[in-house]
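So the chains spell out like this:
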Amino acid sequence: MSVRELDFDACYRAVAARDARFDGRFYTAVTSTRIYCRPICPARTPASRNVRFYRHAASAEAAGFRPCKRCRPELSPGDPGWDHRGDLVGRALRLIDEGVADDGGMARLAGRLHITGRHLHRLFTTEIGVGPLAVARTKRLLLAKQLLTETGLPIVDVAFASGFGSVRQFNSTMKDTYGFTPGELRATTRRSTEVPGDALTLRLHRREPYDAATLMRFLAARAIPGLEHADGTSYRRAVPGGTVTLTPEAGHVRLDVSVDDTSHLARIVARCRRLLDLDADPEAISAVLGETSLEPLVTARPGLRVPGAWDGFEVAVRAVIGQQISVAGARTILGRVTARAGRPHPGTGGDEGPARLFPTAAELREADLGGLGLTGRRVATLKALATRVADGEIDLDGAQEPAQAVAGLLEVPGIGPWTSGYIALRALRDPDAWPGGDLGLRRAMACLGIPEDHIERWRPWRAYAALHLWSSE
């Protein structure tokens, strides 16, 4: 949907009803107050003559509006329309979330997408109403506002954690855009979500319903020893310089971050949101799948999510190692691979051995994978995959168009439709990905009496159909 396609009457009805289904899809700007809000803002509904609607918070800020302190736009779940899009704008938005624009500006962002900066700017102004750098700046400001409101992190640390190059730049940008300095905002907030110790705590909001229990069980069954730990109620993993812990709570997921360097916090937040599929639209998914042979499963597990990926290459390795073996067997071998090729982590791995980071593509390419329980053919596949990812031929972290990435995966000897489909489902965020030939899916469909031709009826949400079938076993 482009900026020209927002329907004023439909948006105004959603605001009047405070309809949570539209939270994150657009923002309401009020000309009399110069404030923009979420559709669910509890403030009195403004008169229609004083209202403007914007698809992205950056568009509202570029028009001179500042975020509401009451409904806090920084807490909006992401727009599901962008979350699953594989076109240039959708991929660029994911790279902005990863901090690519903060690290290298427009040139690096456009370079990752293999287009010119001028073309990228034109696409953004058409779709969103502002350029990519304005979007990146708004994301920095909104993250900073959340950090100032919810944490006790010193203002200088907030500046760098949210991607600003200096405290002076941070103060000036916030004053110019919002009308108050970081110190003035901090002085008016009450921080009630802090936890003891060095951990930084943030709330990650999602749409309801949200089936956290099934998602946590999925992650727990596949947790790699020494890298991850999940107990059904929370998920923890080692990341460079520290750890992250995700705990589903009422209305949000609590993120506890303990890292040496907070400058990559925006990237951590973005990866956690994708891992837990927090920006999905459960009502749109159930509206389609609930009218098919999957209706009993959709009714039994409303809000089922597709587990995403902390790192795309990691999911690809999981998929290759998981070919034709059990989940438990794959978990054991993945633990051995991580122990052999991953870098040591300063944390402790608990009962499952010393903590390690999952190896990068370059590290796995150079590692000796003999004696770990892998066949020679599987080792060759992993080496070929690692080489192509390390050399930039395959990009599994958002820059490459999903169909192009899948085509590249299928060129790797030993990767077929099931493996590429699983990678597309989890790493590439393709909502219609289908791991063809999966024995678990076949078994579940046979038990439920669902014929093969029903698979086509589940488009464009076949990835969610797969999760419903896997969860039914």
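Everything that follows concerns the structure shown earlier in this document.
Residues numbered from 1 in each chain as written. Predicted model: local features only at pLDDT ≥ 70, side-chain atom pairs only at ≥ 80, totals over all residues. Heavy atoms only, no water.

(A) Structural context of unusual backbone geometry. Cis geometry is found at the peptide bond from glutamate 208 to proline 209, where omega equals -5°. You can see proline 209 is positioned in the loop between β5 (200-205) and α11 (212-221). Cis geometry marks the peptide bond from arginine 459 to proline 460, where omega comes out at 5°. Looking at the element boundaries, proline 460 is found in the loop between α21 (439-448) and α22 (462-472). At arginine 18, a residue that is not glycine, the phi angle is positive and equals roughly 50°. Along the chain, arginine 18 turns up in the loop between α1 (8-17) and β1 (27-30). A relative accessible area of 34% means that arginine 18 is categorised as partly exposed. (Helix = DSSP H or I, 4+ residues; strand = E, 2+ residues; numbered from the N terminus. Buried < 20%, exposed > 50% of the residue type's maximum accessible area, 1.4 Å probe, protein only.)

(B) Focus on the sheet that holds strand β2 (residues 35-37). Across the sheet, which stays open at both edges, the four strands sit in the order β3-β1-β2-β4 with mixed pairing between neighbours. Where the open sheet ends on each side, the last strands, each with one partner, are β3 (51-54) and β4 (66-67). Pairing of β2 with β4, which is carried by two bridges, proceeds in the parallel orientation. Considered in β4, the bridge of tyrosine 36 is made with proline 67. (Pairing = 2+ DSSP bridges.)

(C) Highlighting the environment of alanine 107. As for its placement among the helices and strands, alanine 107 is situated in helix α5 (residues 100-113). Overall, the relative accessible area of 64% leaves alanine 107 in the exposed class. A sequence separation of ten residues divides alanine 107 from glycine 117, and the C-alpha atoms of the two residues are 6.2 Å apart.

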